[in-house]
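Chain residues, written in single-letter form:
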Amino acid sequence: MKNILFVCTGNTCRSPMAEGMLRKLASGRGLPLEVRSAGVAAVEGMPISRHAGAVLRDQQIGGDFSSKPLSPELVEWADLILTLTQSHKQYAIRQFPHAAEKTHTLKEFAENDEQVLEDMRELDSLYVSVELARSLGSEVDAKDRERLIELRQRMPSYDISDPFGGSLEDYEATAAEIRNALFRLLDKLEKERERE
């Protein structure tokens, strides 16, 4: 069984929608997954947003969703941490650098273009080096900084749009974006399972 943690900002919109949808889709494919969600700025115990709840109910997805902050315990529990934006990923890596290798945005983890994947690995490695240098009070290498900028400029956006404060249609559009990435994620997880 693989433990997957989704991370967004407040854990009331995108990450609980991703959690609920993945749980249902994985069950439909017979994939044994444990799924949870958290937020980088979440307050413990807040209910899921009204529109996010409506989107899940429309897909016959139930559950007791209440917000949880990203914590060391959840990071340790997770085999895979999937954030909804690049800034959530960077926050998680800054807070939990030991978990950098298992932390990705949902869209980038579902990516299958080999050149893009290679650029992502290099970018992640550079982020870790830069954060380590900063935490040790060292100067960041100018070549690393330049390469970081170069890689960022050519990378596609892997952010899932934030529907917070929007209409039901905004939430439905975000849910469709998440669902498309989840289909690719499940394809990837099924292939990994076949290789085991």
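So, here is what we can say about the structure in this document.

The rules behind the values
- Residues numbered from 1 in each chain as written.
- Predicted model: local features only at pLDDT ≥ 70, side-chain atom pairs only at ≥ 80, totals over all residues.
- Heavy atoms only, no water.
- Patch = residues over 30% accessible without salt bridge, like charges linked within 9 Å, V, L, I, M, F, W, Y side chains within 5 Å.
- Areas by Shrake-Rupley, 256 points an atom, 1.4 Å probe, with all protein chains shown as cover.
- Salt bridge = Lys/Arg side-chain N within 4 Å of Asp/Glu carboxyl O.
- Lys, Arg positive; Asp, Glu negative; His and termini not counted.
- Charge placed at Lys NZ, Arg CZ, Asp CG, Glu CD.
- Helix = DSSP H or I, 4+ residues; strand = E, 2+ residues; numbered from the N terminus.
- Expected span 1.5 Å × (residues − 1).
- Polar contact = N/O pair within 3.5 Å; in protein donor to acceptor, adjacent residues only side chain to side chain.
- Axes fitted to C-alpha atoms, helices over the stretch in contact; angles between N-to-C directions.
- Parallel < 35°, antiparallel > 145°, perpendicular 65-115°, else oblique.
- Left-handed = near helix turned anticlockwise from the far one by under 90°.
- Contact = heavy atoms within 4.5 Å.
- Buried < 20%, exposed > 50% of the residue type's maximum accessible area, 1.4 Å probe, protein only.

What follows is about a negative patch on the surface. On the surface, a cluster of negative charge is contributed by Asp58, Glu169, Asp170 and Glu172. For the negative patch, the element with the highest residue contribution is helix α8 (residues 168–195), accounting for 3 residues. By secondary structure assignment, the location of Asp58 is in helix α2 (residues 50–58).

Between its first and last C-alpha atoms helix α7 (residues 142–154) spans 19 Å; for 13 residues at 1.5 Å apiece the expected length is 18 Å, and the two agree. For α7, the N-terminal capping position is held by Asp141, with its side-chain oxygen 3.3 Å away from the main-chain nitrogen of Lys143.

As a further point, take the packing of helix α1 (residues 14–29) against α8. When two helices pack together, their arrangement is given by the angle between their axes and by how far apart the axes lie. Relative to each other, α1 and α8 sit at 45°, their axes nearing to 9 Å. Here α1 lies oblique to α8, going by the angle between them. The interaxial crossing formed by α1 with α8 has right-handed handedness. Listed contacts from α8 to Arg14, Met17, Ala18, Met21, Leu22, Leu25, Ala26 and Arg29 of α1 are Tyr171, Thr174, Ala175, Ile178, Arg179, Leu182, Phe183, Leu185, Leu186, Asp187 and Glu190.

Taking 1.5 Å of rise per residue, 16 residues should cover 22 Å, and α1 covers 22 Å from first to last C-alpha, within 8% of that figure. Within α1 the residues assigned to the buried category are Arg14, Ser15, Pro16, Met17, Ala18, Glu19, Gly20, Met21, Leu22 and Ala26. A positive backbone phi angle near 75° is found at Gly30, which sits one or two residues after α1.

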